Structures are given as structure tokens and as C-alpha cells.
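Descriptive structure summary
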Amino acid sequence: MSMRRVFIMLSAVAALFVMAAPEAQSQRPTVTTPRIYIFEAGNIRGLDPKLFNFKREELKEVDFVNIAYLIVHPKGTLMFEAGAVQDSHFKADGSPVTEGIMSASRPLKPQLAAAGYSPADITYLAMSHYHSDHTANANDFASATWIVQKAERDYMLADKPQGIIQPAHYSALRNSKTRILNNEDLDVFGDGSVVVMSTPGHTPGHQVVFVRLAKRGGVLLGGDLYHYPEERTTGRIPTFEFNADQSRASRQKVEAFLKQNKAELWIEHDIATHAKLPKAPQFVE
Ligand SMILES: [Zn+2]
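In what follows, the accompanying structure is described. (Residues numbered from 1 in each chain as written. Predicted model: local features only at pLDDT ≥ 70, side-chain atom pairs only at ≥ 80, totals over all residues. Heavy atoms only, no water.)

1. Focus: the coordination of the zinc ion
- Bound to the zinc ion are the protein donor atoms Asp-133 (OD), His-134 (NE2), Asp-224 (OD) and His-269 (NE2), situated 2.1 to 2.2 Å from the metal.
- Given four donor atoms and angles of 87 to 168° at the metal, the environment of the zinc ion is assigned as irregular.
- Mapping the donors of the zinc ion onto the primary sequence gives the spacing D-H-x89-D-x44-H. Highlighted residues: His-134 in the loop between β6 (124–126) and β7 (145–149) and Asp-224 in the loop between β12 (217–221) and α4 (229–234), separated in sequence by 90 residues.
- The class for His-134 is buried, based on a relative accessible area of 0%. (Donors = N, O, S within 2.8 Å, 3.2 Å for Na, K, Ca; no water. Tetrahedral: all angles 85-135°; square planar, octahedral: opposite > 155°, others 65-115°. Helix = DSSP H or I, 4+ residues; strand = E, 2+ residues; numbered from the N terminus. Buried < 20%, exposed > 50% of the residue type's maximum accessible area, 1.4 Å probe, protein only.)

Structure, rendered in C-alpha cells:
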């Protein structure tokens, strides 16, 4: 065999390694239709039903589940919600973390990794609203484009924001590439399959996400538009809304949308809803 031939062969082998390397690093699946990954972000226990205008006996379940979602579309990814407990608060032994009424047994990023994604793979970050049970790991996604309503962002980045808020959770987003919405909806990938919808009321710029899935159909990730299914059936509004009239209007808009699109609603804190759904690395498509 000539030296030249050996060189060509070696070059070919080297080229194969170069081609294989990116695939070996990333286990990201090939996606042809949108899918939703569901991450478990713990629970909230010991809530007072009176805060939500209910008596204990009027609610089937008082506790909340906390959820974060990853929507994967052929053109990119949207992380919706950032959890209730910061990953950095987990100890190396992986034992569950309890912080006041919040608890979590699994950090977020390992769940994301198990699905094949790292924060660097995330194109867009959106949160339903600024309450701290939705923002814990937001800083991890500062390299994504933040999709946020102007009223919400203004509130979050004010000098001393008051209420159920932890500015340290999302301080890095101040400098993120940002898509600011003015009480408007956003068709994220341009084909109508993933839409961020403005639903103010619970907070100044609360938003929800509609996803049209090829197999399951339309799903609306409802954030805290409702907390309990009983809010939906009775029309009751929590006591701590930023603007209860806006909440009613947003609910009306969403209910009409659900009907029109034959879509289902996933109430984010509802234990029963999420008990029936597969968790990452499985997904809904
Ligand atoms: Zn919440």
C-alpha cells in the first residue's frame, strides 16, 4: 500500500470521527411534529383554600403539583416555566428539598438532560408569570430568547417588586435577548402550532401556551389561569389576583378558544391532570 493510500484512508477515518462527534455529544431526537416534555418540579402543600375562595370540603385536592414543560418543534424549542426550587439548592446526595410550603424531589436540569437537552439548546423561554413557584431556574435559560409581556417584565424588573416574587431567580434575564409582547399573542414558530397567548389578570402579564400536537390534538398549558378544576366549574377567582376583572376576561377568551379549537386544558398545578400524563424523558405528541 502506498503512503498516499494510507494517508487517504487515515483521513477518511478522521473525517468519520469528526462527523460522529456532534452526534455522540448530543442525544437530541429528530423531531418532525411538536412534542411536549413534562418535568416534575415538586409540590406545594399546606395551602389555605380560603386564599382561592373555597372551603376545604369544596375542593377534591388542596395540594399543588409544580410542573415545567419543554415544547420541541422542528424549528426550535420553548421552555415554559422554570420550576419552584432552584437546582442549586439540591444537595449532592440528591435528597428532597423543602422550602416553606414548597418541596421538590428532583432538580430540573437532569430531567432536561434525560430528554436530550441542555439549557444551551433552548431557543425560547417563557413563564406564565412571575410568582416564584414558576421562576426558580430561569437564570439557567438566559441564553434563550425570553418571551414576556411588557407589563409583566416591567413589574419583574422594577426596583423593589412586591408579592410572591424572587428577583434573584431571573436576574440574568434582564440582559437576555427578549421578545416583548404588548398584551398580544405570539405564533412562536410561524405555523400556528405553538402560540403564546396573553391572559392578564392573575398578574399584569400572565400568559399561557397553546400547542397543536399531531396525535393528541390541541393542548393549552394554562399556567395559573386556574389553580383548581373547581375554579373552572364555579367561576371563582383567587383572592390575590392582580386584577380579577382581567382574570375573568382572560378565562372567557381561553374557554372560547378551547371550544373553537377542540383543545384540552392542562391546569398546571392540578395533580389529577398531570398524574395521567407521561413524564420526561417520555413525551406527548
Ligand atoms: Zn403557581
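2. Quick notes on the packing of aromatic side chains
- By the definition in use, this model includes 12 aromatic pairs.
- On the numbers, 5.4 Å between centres and 80° between planes, the contact of Phe-52 with Phe-240 is edge-to-face. Of this pair, Phe-52 sits in the loop between β1 (35–44) and β2 (64–73) while Phe-240 sits in the loop between α4 and α5 (244–260), and the two are 188 residues apart along the sequence.
- Under the relative-accessibility criterion, Phe-52 is labelled buried at 2%.
- The exposure class assigned to Phe-240 is partly exposed, which follows from its relative accessible area of 27%. (Phe/Tyr/Trp six-rings, centres within 6.5 Å; stacked < 30°, edge-to-face > 60°.)

3. Here's the deal with the pattern of salt bridges
- On inspection of all chains with the given rule, the structure shows 12 salt bridges.
- In this structure, the salt-bridge partner of Lys-109 is Asp-87, at a minimum N-O distance of 3.1 Å. Of this pair, Lys-109 sits in helix α2 (residues 108–114) while Asp-87 sits in the loop between β3 (76–80) and β4 (97–99); the two residues are 22 residues apart in sequence, bridging distant segments of the chain.
- Judged by relative accessible area, which is 27%, Lys-109 ranks as partly exposed.
- Residue classification places Asp-87 among the buried positions, given a relative accessible area of 12%.
- Residues Lys-215 and Glu-285 are paired through a salt bridge, measuring 3.1 Å at the closest nitrogen-oxygen approach. Placement of the pair is Lys-215 in the loop between β11 (207–213) and β12 and Glu-285 in the segment after α6 (271–275), with a sequence separation of 70 residues. (Salt bridge = Lys/Arg side-chain N within 4 Å of Asp/Glu carboxyl O.)

4. What to know about the pairing of strand β10 (residues 194–198)
- Among the five residues that make up β10, five are buried, leaving the element largely enclosed by the rest of the structure.
- In β10, alternate side chains face the same way, and those of Val-194, Val-196 and Ser-198 on one face and Val-195 and Met-197 on the other are all buried.
- Alignment of strand β9 (residues 186–187) against β10, held across two bridges, turns out to be antiparallel. Bridge assignment links Leu-186 to a residue of β10, and that residue is Val-196.
- The turn joining β9 and β10, which pair antiparallel and follow one another in sequence, is formed by six residues; a positive phi near 80° is taken by Gly-190.
- Bridge count for β10 against β11 is five bridges, and the pairing is antiparallel. (Pairing = 2+ DSSP bridges.)

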